[in-house]
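In case you want the letters, here they are:
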Amino acid sequence: MRWTLPNVLTILRLLAAPAVAVMFLYFNRPWADWFALCLFLAAAATDWIDGRLARAWGQETKLGAMLDPIADKAMVVIALMVIVGYSSYSPWIVLPATMIVFREVFVSGLREYLGASAGTLKVTQLAKWKTTVQMLAIAILFAQGVFEHYLGMESYGMGQELFDAVMAGEVEDVRGLRWMSQGMVVSGYAGLALLWIAALLTLWTGGEYVRKALPYLKD
């Protein structure tokens, strides 16, 4: 095995996947949301960097080719698991997350079955866009958790009547509750919309892979 910088970045991304979930075991929110968001963004950045470095420096290896898609899938699946768990199992999040996880498992199994013929299922440009949209959606949903918990912390002990008056602009917003609320709402809707777009792209690209694999599945 060649321990090149791109390979090291890929392995770090693979290790960061379970670390995103571990953040919620050892830290209270919103610190757990902050740490998970920063870790996820750093891992997503290495996904963009390592492949380009490997090609630019002529350091493409079998190890990197094997680990790169595994790291991507691990990051997405584990982060979605955390988001679903902390969303109180909202059907608006559970359904697209289920579609994404199902597709990843199905295509991975299809590649394993095809073995030497799995080269027919090369990653397409649309699949790369799918991964980008997935990671962007997850990052924004983690940010939504940050806004939500800061809003809860800053409004703790505040009566509902006073809170409503601050939100309506009738009382001076000295704690910045309104912008926290707006950030929570905007990031929530944006993250949810991108997650659904990613789910639809997931189904589309999964269908393309099945179509390409059909000649190898016929008896």
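Look above for the structure.
So, a few notes on the structure that sits alongside this text. (Residues numbered from 1 in each chain as written. Predicted model: local features only at pLDDT ≥ 70, side-chain atom pairs only at ≥ 80, totals over all residues. Heavy atoms only, no water.)

### Overview of the packing of helix α4 (residues 91-114) against helix α5 (residues 125-154)
Their axes nearest at 13 Å, the elements α4 and α5 cross at an angle of 140°. In terms of their interaxial angle, α4 and α5 are classed as oblique. Read as a crossing pair, α4 and α5 show a hand that is left-handed. Residues Ile 100, Arg 103 and Glu 104 of α4 pack against Ala 127, Lys 130 and Gln 134 of α5. A breakdown of the residues in the contact of α4 with α5 according to their chemical character gives 2 nonpolar, 1 polar and 3 charged. (Axes fitted to C-alpha atoms, helices over the stretch in contact; angles between N-to-C directions. Helix = DSSP H or I, 4+ residues; strand = E, 2+ residues; numbered from the N terminus. Parallel < 35°, antiparallel > 145°, perpendicular 65-115°, else oblique. Left-handed = near helix turned anticlockwise from the far one by under 90°. Contact = heavy atoms within 4.5 Å. Nonpolar A, V, L, I, M, F, W, Y, C, P; charged D, E, K, R; others polar.)

### Regarding the pattern of salt bridges
Enumeration according to the criterion identifies 7 salt bridges in this entry. Between Arg 13 and Asp 72 there is a salt bridge; the shortest N-O distance is 3.2 Å. Of this pair, Arg 13 sits in helix α1 (residues 5-26) while Asp 72 sits in helix α3 (residues 62-86), and the two are 59 residues apart along the sequence. Across the pair, Asp 72 and Arg 13 agree in class, each one buried. Because the salt bridges share partners, they merge into one network encompassing Lys 73, Arg 103, Glu 104 and Lys 130. (Salt bridge = Lys/Arg side-chain N within 4 Å of Asp/Glu carboxyl O. Buried < 20%, exposed > 50% of the residue type's maximum accessible area, 1.4 Å probe, protein only.)

### A closer look at α4
Look at α4: 34 Å from first C-alpha to last across 24 residues, which is about the 34 Å you get at 1.5 Å a residue. Taken residue by residue, α4 has Ile 93, Pro 96, Ala 97, Met 99, Ile 100, Arg 103, Glu 104, Val 107, Leu 110 and Leu 114 as its buried positions. As for α4, its buried residues are in contact with α3, α5 and α7 (177-217). Looking one or two places after α4, you find Gly 115, whose phi comes out positive at around 60°. (Expected span 1.5 Å × (residues − 1).)

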